[in-house]
Amino acid sequence: MDIFLDEKYPFEINKLKYLFNINSKKSTASQVNKYIGMANIESNTGLYLPSENEKGKGDCSIFSKGYVLFGKLRPYLNKVYLTEFDGGCTTEFIVMDTIDESVISNKFLSIFLLLNCVVNQTKYMMTGNTLPRLQTFDIENLIIPVPKMTIQKNIVDIIDKAYKLKKEKEEEAKILLDGTDDYLLDKLGIKLPEELENNIENRTFKVGFDDIFNDRLDCLKYSPIYKEKIEAINNSLYKDTIKNLKQLIVHSNAGDWGDDEQKIIDFSEYEKCLVLRATEFDNVYNLKIDGERKAYRFIKRKKLKKLDVKENDILIEKSGGSPDQPVGRVALLTKEIIEKNTIAYSNFVHKIRLQEGINLEYIFNYLRTMYNKKITENMQSQTNGIRNLIMNEFLNLQIVLPDIVIQNEIANEIKLRRDKAKNLQNEAKKLINNAKKEVEKIILGESYGA
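Reference entry: report on the structure contained in this document. (Residues numbered from 1 in each chain as written. Predicted model: local features only at pLDDT ≥ 70, side-chain atom pairs only at ≥ 80, totals over all residues. Heavy atoms only, no water.)

### Observations regarding the overall build of the chain
Of regular secondary structure, the chain possesses 11 helices and 22 strands. A principal-axis box enclosing the C-alpha atoms of the chain has dimensions of 80 × 60 × 45 Å. Counting only residues that meet the buried cut, the chain has 44% of its 450 residues in that class. Accessible area for the chain stands at about 24,500 Å²; split by element, carbon and sulfur atoms hold 48% of it. One way to put it: in the chain the 68 positive side-chain charges average out to a point 2 Å from where the 67 negative ones average out. (Helix = DSSP H or I, 4+ residues; strand = E, 2+ residues; numbered from the N terminus. Buried < 20%, exposed > 50% of the residue type's maximum accessible area, 1.4 Å probe, protein only. Areas by Shrake-Rupley, 256 points an atom, 1.4 Å probe, with all protein chains shown as cover. Lys, Arg positive; Asp, Glu negative; His and termini not counted. Charge placed at Lys NZ, Arg CZ, Asp CG, Glu CD.)

So this is what it looks like as structure tokens:
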């Protein structure tokens, strides 16, 4: 929806540059207390997503609490933020502050810039193919409606109410999701020890030479808390059913990143595939395949046959990670994913297929719980900033295998919880979308609430 104004339009209008100052103050990212990158702002909602590792490099723009940040890089991502603290941000944000708050508020601007009518304007202003962005000149000349302050306040109230309800639904969803690991462990009778405070006393322990002879020399494997967790698994209600993961595997294969289209001469040997990477692994549900970030590569047909991707195969993240995200995440290849594309997986991912007679969703949830409870974190090494899963140790992970009836019960209950949580999150998004539509009607003059 674009903005079309006629003589009946109820509000004054002006160009952004006459209503807001664009802050050009710069510093370096290392000098600011809090830094905001593009990834720190959620698309379409304007919510701040904190990250301990978002430090930034080089120049940054300075902002004060209450300023408006408007993303000029890939404007269709719709990244707008009303700042809640003083700090610095990537220069891909335009930093703005109202000239006269008695005329128009920063909060109103932050709401207006998130509306579809603005996104539909800016998509025609982008320049550049690889990294499309807006020019400051175009942003300065955006047409801004200026309703009376009473109407601006009404608009702010509509949005604030929607965000409050959204937060309530998301908190309810979070409780459901956070409880799935404890539910699984309780059903299996596994009582893991409490995590210890990360201090020098708890990180100091002794290990005998015989324990490390011809084995790993890093401390992760030998920590007392890790040994207690393994002992807790071995003492579960179903301790007599425990098998190592590798005992259940009937097929195992490393991944392949494939070739770039531009480097291929003879396409007859290749097939175009959607290559799944660790970045697609979702910590909450399963695989999160973003339409704009999909990686399509060309895989040789002989290699694709060896990859042998089938429904219910399990993918394992074996390399990558980050300081606050260990490797070892898992994903389940569902029928829906397999049917939509020819699937391959990258060389940072390993695939396994398990024997019949096991509930694969139960195994998927079990492995995810082992990851969330930091058991698989002790099965990795780190070199040159990249974390690597020690596959031999991961494949020796103890798997508690109760009767198939209990496996089904656990898998079904976790699915119900996740489905309910996803519905709550979808309802939360709908609340914001509906509120934005209501506000848009007011601003476009379709609802003359003046």
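From this point, the narrative continues.
### Considerations on the packing of aromatic side chains
Scanning the model with the defined rule gives 8 aromatic pairs in all. Aromatic pair Tyr 9 and Phe 11: ring centres 5.6 Å apart, planes at 90°, arrangement edge-to-face. With respect to burial, Tyr 9 and Phe 11 carry one shared label: buried. Ring geometry for Tyr 362 versus Tyr 366: centroids 6.1 Å apart, planes at 45°, classification tilted. Of the two residues, Tyr 362 and Tyr 366 are both situated in helix H9 (residues 360–372); the distance of 4 residues between them amounts to about one turn of the helix. One exposure class covers both Tyr 362 and Tyr 366, and it is buried. Here the aromatic residues Tyr 48, Phe 63, Tyr 81 and Phe 85 are joined through ring pairs into a cluster of three or more. Above the plane of the ring of Phe 85 lies Lys 34, whose end atom (NZ or CZ) is 4.5 Å from the centre. The ring of Tyr 296 has Lys 272 sitting right over it, with the charged end atom 5.3 Å from the ring centre. (Phe/Tyr/Trp six-rings, centres within 6.5 Å; stacked < 30°, edge-to-face > 60°. Lys NZ or Arg CZ within 6 Å of the ring centre and 35° of its normal.)

### Here's the deal with the sheet that holds strand S4 (residues 35–36)
The strand order across the open sheet built from 4 strands is S3-S5-S8-S4, with neighbouring strands paired in mixed fashion. A single partner strand is all that each edge strand has here, and the edge strands are strand S3 (26–28) and S4. As paired elements, S4 and strand S8 (residues 87–89) share 2 bridges and run parallel to each other. Its bridge partner being in S8, Tyr 35 is matched across the sheet by Gly 88. (Pairing = 2+ DSSP bridges.)

### With respect to the side chain of Asn 253
Within the secondary structure, Asn 253 is located in strand S12 (residues 249–254). Take Asn 253: its relative accessible area is 17%, and that puts it in the buried class. What Asn 253 contacts, discounting residues up to four positions off in sequence, is Lys 303, Lys 306, Leu 307, Tyr 345, His 350 and Lys 351. (Contact = heavy atoms within 4.5 Å.)

### Some details on the pattern of salt bridges
Inspection of every chain in the model, using the stated rule, returns 19 salt bridges. For Glu 409, the salt bridge is made with Lys 187, and the minimal N-O distance between the two is 2.8 Å. Of the two residues, Glu 409 sits in helix H11 (residues 404–443) while Lys 187 sits in helix H4 (residues 149–188), which places them 222 residues apart along the sequence. What makes Glu 409 partly exposed here is its relative accessible area of 38%. Counted as one network, the salt bridges with shared partners bring together Asp 308, Asp 313, Lys 351 and Arg 353. (Salt bridge = Lys/Arg side-chain N within 4 Å of Asp/Glu carboxyl O.)

### A look at unusual backbone geometry
Residues other than glycine seldom take positive phi values, yet Asp 308 does so here, at roughly 50°. Among the secondary structure elements, Asp 308 is positioned in the loop between helix H7 (301–307) and strand S15 (314–317). Its identity as a non-glycine residue notwithstanding, Asn 312 has a phi of 75°, on the positive side.

### Describing the sheet that holds strand S2 (residues 20–22)
The 4 strands are arranged S2-S9-S6-S7 in an open sheet whose pairing can be described as antiparallel. Here the strands that pair on one side only, and so sit at the sheet edges, are S2 and strand S7 (80–82). Each strand axis lies, on average, 25° off the axis of its neighbour in the sheet, ignoring direction. Where strand S6 (residues 68–71) meets S7, 3 bridges bridge the pair, whose relative direction is antiparallel. Looking across to S7, one finds that Val 68 is bridged to Leu 82. (Axes fitted to C-alpha atoms, helices over the stretch in contact; angles between N-to-C directions.)

### Considering the environment of Ile 99
Looking at where Ile 99 falls in the secondary structure, it is placed in the loop between strand S9 (93–98) and helix H1 (106–113). Taking the relative accessible area as the measure of exposure, Ile 99 reaches 47% and is therefore partly exposed. Through-space distance from the C-alpha of Ile 99 to that of Asn 21 is 6.1 Å; in sequence the pair is 78 residues apart. Apart from residues no more than four positions distant in its own chain, Ile 99 is found in contact with Lys 17, Tyr 18, Leu 19, Phe 20 and Asn 21.

Everything listed is a geometric property; what it means functionally is a separate question.
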